[in-house]
Structure formats: structure tokens, C-alpha cells
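Given next are the chains, with one letter for each unit.
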Amino acid sequence: MTDLTVFAWTFPIAVPFWALMIFLPGWRWTRRVLASPWVPLLPLVCYFVLAAAHFGELWTAVSRPDLGVLQAFAGSSYGAALIWAQLIAFDLFLGRWMFFEARKHGVPWWVLSPVLVLTIFLSPFGLVVFLAVRSARIRSAA
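Residues numbered from 1 in each chain as written. Predicted model: local features only at pLDDT ≥ 70, side-chain atom pairs only at ≥ 80, totals over all residues. Heavy atoms only, no water.

## Details of the packing of helix H1 (residues 3-23) against helix H6 (residues 77-105)
- Orientation of H1 relative to H6, taken along the N-to-C sense of each, is 10 degrees, at an axis distance of 9 Å. As far as their axial angle goes, H6 and H1 are roughly parallel. Mapping the contact onto sequence places Asp3, Phe7, Thr10, Phe11, Ala14, Phe17, Trp18 and Met21 in H1 and Ser77, Tyr78, Ala81, Trp84, Ala85, Ile88, Asp91, Leu92, Gly95, Arg96 and Phe99 in H6.
- A breakdown of the residues in the contact of H1 with H6 according to their chemical character gives 13 nonpolar, three polar and three charged. (Axes fitted to C-alpha atoms, helices over the stretch in contact; angles between N-to-C directions. Helix = DSSP H or I, 4+ residues; strand = E, 2+ residues; numbered from the N terminus. Parallel < 35°, antiparallel > 145°, perpendicular 65-115°, else oblique. Contact = heavy atoms within 4.5 Å. Nonpolar A, V, L, I, M, F, W, Y, C, P; charged D, E, K, R; others polar.)

## Things to note about the pattern of salt bridges
- All chains considered together, the criterion is met by two salt bridges.
- Residues participating in the shared-partner salt-bridge network are Glu101, Lys104 and Arg134. (Salt bridge = Lys/Arg side-chain N within 4 Å of Asp/Glu carboxyl O.)

## Description of a nonpolar patch on the surface
- Residues Leu4, Phe7, Leu70, Ile83, Trp84 and Leu87 make up a contiguous nonpolar surface patch of roughly 530 Å² in combined accessible area.
- Residue contributions to the nonpolar patch peak at three residues, all from H6.
- Positionally, tryptophan 84 belongs in helix H6. (Patch = residues over 30% accessible without salt bridge, like charges linked within 9 Å, V, L, I, M, F, W, Y side chains within 5 Å. Areas by Shrake-Rupley, 256 points an atom, 1.4 Å probe, with all protein chains shown as cover.)

## Structural notes on the environment of alanine 8
- Note on placement: alanine 8 falls in helix H1.
- Separated by 18 residues in sequence, alanine 8 and glycine 26 have C-alpha atoms that sit 30 Å apart.

## A word on the nonpolar core
- With 19 residues, the main nonpolar core has Trp18, Met21, Leu92, Leu112 and Leu116 as its most contacted residues.
- Per-element tally for this core: the top contributor is H6, with six residues.
- Setting aside residues no more than four positions away along its own chain, leucine 116 makes contact with Trp18, Met21, Ile22, Gly95 and Met98.
- In this structure, Phe73, Tyr78, Leu82 and Ala89 belong to the second largest nonpolar core, which totals 14 residues. (Core = buried A, V, L, I, M, F, W, Y, C linked by side-chain atoms within 4.5 Å. Buried < 20%, exposed > 50% of the residue type's maximum accessible area, 1.4 Å probe, protein only.)

## Quick notes on the packing of aromatic side chains
- One pass over the structure, following the stated rule, counts seven aromatic pairs.
- Both rings, one in phenylalanine 73 and one in tyrosine 78, keep their centres 5.9 Å apart while their planes meet at 70 degrees; by these two values the pair is edge-to-face. Considered together, phenylalanine 73 and tyrosine 78 belong to a single accessibility category, that of buried residues.
- Centroid distance phenylalanine 99 to phenylalanine 100: 5.2 Å. Interplanar angle 80 degrees. Geometry classified as edge-to-face.
- Its end group placed over the ring of tryptophan 29, arginine 32 keeps NZ or CZ at 4.6 Å from the ring centre. (Phe/Tyr/Trp six-rings, centres within 6.5 Å; stacked < 30°, edge-to-face > 60°. Lys NZ or Arg CZ within 6 Å of the ring centre and 35° of its normal.)

As C-alpha cells, this is what we get:
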């Protein structure tokens, strides 16, 4: 499997889960599917495929925190695809957590859905916005 193929499949693997959280948050199957802690690991299949094939390069990049080494690694097709797969998996992990936290604290779907979309594209911003929304909701409920 080529680096491009693995890269191309990483996000589509996560899309159904994002779609459930954003478009069908109240559907009973959404909660059932997302209840599995394994959901965020599915995009990591792509990560593990590339990590196995390029473990030496990956280990060199992560074991020595050097900007030049990391830059060279990220500049390679396999390095960029590995980083992408890790980001997609982590964003899905974060989105799943946000989904359940929102339900727990009564954050309405129409508030959460745009935050989840933001998280897909810019997860650090999505996390900050979600934490602000969650905090406001917790304070207003007290």
C-alpha cells in the first residue's frame, strides 16, 4: 500500500463517526456506536500500516526532539501521512469526548455541532471553544 493510498483513506475512515455526532446526535445508534472506546482507533489502522513500514524513520523523528529531523520526517510522504493519521485519530478521540461531555452537561446539539466542525479542521480552537461552552453550561446549571 502506498503512502498516498494510506493518506487518502485516513479521513474517510473517520467521517461516518463525525457525521453521526454532527448530524444525528440524538439518534440512539449514534450513542451506541460512539460508546465503543475503539472508535478513535480505526484511523490508526492507517498509522500502524505506515509505522510498521517506516518504523526506523519514525523512531528517529520521535526519539530525538530535533527540529531538523522532524522537519525532514514531516517532509516525506510517509512522515506527512503518519502525522495526518495521528491527527485524525486524536481529533476523533477529542470529538467523541466532547460529544459525551456535551450530552452529560446538556449542551444543545445546535451549539455542539459547529464546535465539532471546528474541531475537525482546527482541533485546538475547537477544544478551547468547547471548554468555554462547557464551563458556561456548568456555571448556568449550578
